[in-house]
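Notes for the structure review
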There are 4 protein chains.
Amino acid sequence: MSESRDKIGFIGLGRMGRGMASSIRRKQHPLTVHDIAPGPVAALEELGAASAGSAAAVAQASDVVLTMLPGPKEVQSSILGTDGILANIKPGGLVMDMSTVDPETTDALAAACAERGIGFVDAPVGRLAWHADRGESLFMVGASDADFARVSPLLEAMGSTIHHCGGPGTGTRTKLVNNYLAIILCQLNAEALSLSAAFGLDLEKTLEVLHGTTATNGQLKVNWPNKVLAGDTEPGFAIDLAHKDLSLIVQAANAAKVTLPVAAITREAFSSARGRGWGQKDFSAMLDAQCELAGIKPPRLKG
Amino acid sequence: MSESRDKIGFIGLGRMGRGMASSIRRKQHPLTVHDIAPGPVAALEELGAASAGSAAAVAQASDVVLTMLPGPKEVQSSILGTDGILANIKPGGLVMDMSTVDPETTDALAAACAERGIGFVDAPVGRLAWHADRGESLFMVGASDADFARVSPLLEAMGSTIHHCGGPGTGTRTKLVNNYLAIILCQLNAEALSLSAAFGLDLEKTLEVLHGTTATNGQLKVNWPNKVLAGDTEPGFAIDLAHKDLSLIVQAANAAKVTLPVAAITREAFSSARGRGWGQKDFSAMLDAQCELAGIKPPRLKG
Amino acid sequence: MSESRDKIGFIGLGRMGRGMASSIRRKQHPLTVHDIAPGPVAALEELGAASAGSAAAVAQASDVVLTMLPGPKEVQSSILGTDGILANIKPGGLVMDMSTVDPETTDALAAACAERGIGFVDAPVGRLAWHADRGESLFMVGASDADFARVSPLLEAMGSTIHHCGGPGTGTRTKLVNNYLAIILCQLNAEALSLSAAFGLDLEKTLEVLHGTTATNGQLKVNWPNKVLAGDTEPGFAIDLAHKDLSLIVQAANAAKVTLPVAAITREAFSSARGRGWGQKDFSAMLDAQCELAGIKPPRLKG
Amino acid sequence: MSESRDKIGFIGLGRMGRGMASSIRRKQHPLTVHDIAPGPVAALEELGAASAGSAAAVAQASDVVLTMLPGPKEVQSSILGTDGILANIKPGGLVMDMSTVDPETTDALAAACAERGIGFVDAPVGRLAWHADRGESLFMVGASDADFARVSPLLEAMGSTIHHCGGPGTGTRTKLVNNYLAIILCQLNAEALSLSAAFGLDLEKTLEVLHGTTATNGQLKVNWPNKVLAGDTEPGFAIDLAHKDLSLIVQAANAAKVTLPVAAITREAFSSARGRGWGQKDFSAMLDAQCELAGIKPPRLKG
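Let us look at the structure shown here. Only a predicted model underlies this, so the values are computations on that prediction, with no experimental measurement involved.

Inspection of the entire model under this criterion finds 4 aromatic pairs over all chains. Judged by centre distance (5.1 Å) and plane angle (80°), the rings of Phe237(A) and Phe283(A) are edge-to-face. A residue pair is termed long-range when its members are at least 10 positions apart, and Phe237(A) in the loop between helix H11 (218–223) and helix H12 (239–255) and Phe283(A) in the loop between helix H13 (261–275) and helix H14 (286–294) qualify at 46 residues. Against the face of Phe199(B) rests Arg173(A), its NZ or CZ located 5.5 Å from the ring centre.

Shown next, in the form of structure tokens:
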């Protein structure tokens, strides 16, 4: 395949990024990585990757540069900065950002790349860190058909479910819609199960009913039984992070003049939970934060 | 079985009740029915049921009396009224209410029956009228074990899914929790898909993504593709009825000092939809009501 | 004056009612009172009032009967019950209800009285118990002009501010609108001052600014400096009562298909405060309940 | 006075800024102005001000530089940019920003100035453009005592009410708290008066009642009778601008982990109004936007 000749750059070896870069290297793609933390860089070198001292150096060494960074600020400075990727990447190159950012940032990146004749793909990641470690992430991809074809081998190395959502910008937007639903389901389930507990209902029987009707939902069925309902509130996805995503969503919706009352009031519920010290718990622990408000004991599955 | 000897009374042959009573009669239970509308009564007589001119007369002729009535007021007067069921039913009798009412009403009925030594079962119904016609309803049942055993043949005649949720009162409460989730999912999906539409995303692709993550939910997956997303907003369950249920839920939660911000703000969204003329549409049409607020065209599935 | 010949009945000598009845007696109106508590009855007898053993007996002895009762249920049974006022009052009589009830109840009372040819006035009371003791209450009155003229001497005995809002039913409705604003101002001020405290602003300086702009409001300016901001959270008007009024308001608005998002979400804030044990505090103490959620110290005026 | 020797620079001659700069010039302060629009610059020159072609040139010509700009972005680039005020102002100089910005921006400005030994004052403006034209603005000032003394003659030239709220940053924060209350009062009054209209109450009588209780508020009493209630919805302060301020407030509160449910849900009400085309109306026109949702005619004062 022609794509296999692309030299790949990867910037951002955080908790998610290191697994994703490793997956690419395992498929034998030529890879140059960069991160300010030496540990993950060394781990990638052991897998045969080269390392570079800056985003600029990665860009100079690569045809396709992937970024997996904490947020809009880091993405903007890394890609658009005076010493950034776009100023150093070769003609015919492509930038794929996999960070979670707001649509405005993604659109600005896409426009800047287009102006320089550089390809741009937004491909935010779904699922959790342990999926990334195994190359089993989910990607929501915004790209032209040609750019999508070019990055497909990389996406398939990193993930097991790839959605091509449309042109540039649609990946970021689809991720916001998806996270809106997944996050707010936590508040929804928290309200329902706190009410159920206040009513004195049996948790197992209630869940049995709910899963057999249109009330069922992915969080309640898939995530919660292994997390808060099992007494595990260690963060798979922390309330602080969910709050950050909700803020991006509410901001984007307000910019689009779309009113999202449930999103807005749920953000406040998350804010209240953070003010009471729940920020570093799993987002399913909104159940416990909600029960705290009602002065009731949070329900748990038996044994 | 000893249960088969019970003479059954059935009060309330509305859109749901007529199918339910017919299902009982088809299983050859001796049945006396009552309704103010002559049509459904005649239809039941054709199936071999007797008819009676009042709730009192039904009670006098029956061992087990079932009620399927519009709301708390009708239930209370029919069961507790001076000329009602409880004043006329024989010792050893049992009352099973299948109407959707508030927990306070159910508890009052249970207490009044207990005081008289009469059995009481609350068994609100899930699913839609056409399920009732076929004997495929879902029941959430609050009853003692003995009473549950006694009414089981009747429930199995009327429904295909029977949940024994606990003692008297747990059926009504489980139904409120279930309807809370199912109804609010409609507002949730309305917000998500209106945002998606404002973002210009492709509906089919967005749904494909959502159904593969924990964002998925029963309304979006099972109900919506056949209703609002297919352009059908005829009421399977009307916004007016959903609003009524939300009001019961918010009222019950406030009485229990459980704060339900999402339920409360969703009730206002339904209230706003009603104020703008959407009350008699299917509750999935909250999508269209929401899009109206944002001045965007409601998304529809292709073809 | 012709009005002075009316024999007055007064039912309900609670914390407010006893002061109001005393004010009437002090103006020498012939008065018969009834309450189940013997203490207040005796106190009124000392002022020259007669007492009667039942609502029926009061009605039989009076031309104009006033009711000041806890809520809709008591009002309905007292006025409309088989042994109630309406069944016993003489032709040409008048009933004035001063309790806080929902519009539906008021309308039902007005209709029942009209049908019997009995006058009806709804005249809910503003201000606090100590105003009632001094005859300084505020009344919002719904009445025909003739009925208003007839009860004016009584209203003037009990209050210092009398608003004739329109025909029967307008008193109750005006009170709901008024209480909506006054109660929600407490949540509004709680949010503003908790934000101010989180910002580390000086309370006195902040209030000085707010009172000089259109941000000023009656609760913040008149009530709060003597209550929560002075550290006094003893109930002048308890959070539990404010929650009850908010429930009436939200219910009436939903019945009218008017969406009140701020009222709905504020009711949940009050519900949350109740769930955390604040129900018996003054409604200005919503400030402290709000600060508790944010983990900050509630602001207080110095010295 | 020693202060009078300061040479003043003024950047930003928009609708508010031109009146404020004119007021300074009228008090004979030596003044250099800058704006990209030639019209207001020429008007100031006629009053005896000098003009300069850039922020840098203003800074080089001045001891004290005032900025009155649209928002955080313009303020940051104008003050902190490589060719901005701070890079060009003389030692011993002072920067006073009067724009409405978020606390984070103000704090960054204050820190950057402090690092350079330059004084910093945040002094956002209250009231409307026509007050600015007459030198009757209100200022909420965050400054050290020395800096406050230095800018006092300028503030007194521009305004008639000056609040020294505390050290740097307190002006911006006080303004957010103040605007929170003023803006949300509009939603509050909109809900109350729409409910009143749905109840069929007389507007004048309702207002008479409300203004005599703790329900009264500055918006309803001072602003609304001359704006929406008189049928004038031309923007004194537009819904779009109020929405922008609400966004700053909700963002700042969320950053401080203070939950503001009423602010959040009101922002959505404003967002809904904008989606329905009300953005360029006065913020008191939230009444009309609210009545539109309920399908009722907005109330107006007679004559």
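So that's the structure; there's more coming.
When chain C is fitted to chain D, the best match, at an RMSD of 0.1 Å, comes from turning it 180° and sliding it 0.0 Å along the axis. This pairing of chains is accounted for by a two-fold axis. Of the C-alpha atoms belonging to chain C, the one lying closest to the rotation axis is found on Asn217(C), 1.9 Å away. A high fraction, 100%, of the interface residues of chain C reappear at the interface in chain D, so the copies pair face to face through one surface.

What follows concerns helix H9 (residues 170–198) of chain D. Its 29 residues give H9(D) an end-to-end C-alpha distance of 42 Å, which sits within 8% of 42 Å, the value for a rise of 1.5 Å per residue. In terms of burial, H9(D) is a largely internal element, 27 of the 29 residues being buried.

Along the chain, Gln219(C) turns up in helix H11 (residues 218–223). Separated by 3.0 Å, the side chains of Gln219(C) and Asn223(C) make a polar contact. If we skip the residues at most four places from it in the chain, Gln219(C) touches Ala182(C), Leu185(C), Cys186(C), Asn189(C), Trp224(C), Pro225(C), Phe283(C) and Thr214(D).

To continue, consider the interface of chain B and chain A. Each side of the interface is counted separately: chain B has 60 residues, and chain A has 60 residues. At the boundary of chain B with chain A, total buried surface from both sides reaches about 4900 Å², with 74% on carbon and sulfur atoms. In this structure, the connection of chain B to chain A is made through 0 salt bridges. The tally of links from chain B across to chain A stands at 16 residue pairs in polar contact (both at pLDDT 80 or more). Taken together, the elements giving at least two residues each to the side of chain B that touches chain A come down to strand S8 (137–142), strand S9 (159–166), helix H9 (170–198), helix H10 (203–210), helix H11 (218–223), helix H12 (239–255), helix H13 (261–275) and helix H14 (286–294) of chain B. Tallying contributions element by element places H9(B) first for the side of chain B that touches chain A, with 20 residues. When the residues that make up the side of chain B that touches chain A are grouped by side-chain class, the tally is 34 nonpolar, 20 polar and 6 charged.

What counts and how
- Residues numbered from 1 in each chain as written.
- Chains lettered and ligands numbered in written order.
- Predicted model: local features only at pLDDT ≥ 70, side-chain atom pairs only at ≥ 80, totals over all residues.
- Heavy atoms only, no water.
- Phe/Tyr/Trp six-rings, centres within 6.5 Å; stacked < 30°, edge-to-face > 60°.
- Helix = DSSP H or I, 4+ residues; strand = E, 2+ residues; numbered from the N terminus.
- Lys NZ or Arg CZ within 6 Å of the ring centre and 35° of its normal.
- Least-squares fit on C-alpha atoms with pLDDT ≥ 70 in both.
- Contact = heavy atoms within 4.5 Å.
- Expected span 1.5 Å × (residues − 1).
- Buried < 20%, exposed > 50% of the residue type's maximum accessible area, 1.4 Å probe, protein only.
- Polar contact = N/O pair within 3.5 Å; in protein donor to acceptor, adjacent residues only side chain to side chain.
- Buried area = accessible area lost by both parts, 1.4 Å probe.
- Salt bridge = Lys/Arg side-chain N within 4 Å of Asp/Glu carboxyl O.
- Nonpolar A, V, L, I, M, F, W, Y, C, P; charged D, E, K, R; others polar.

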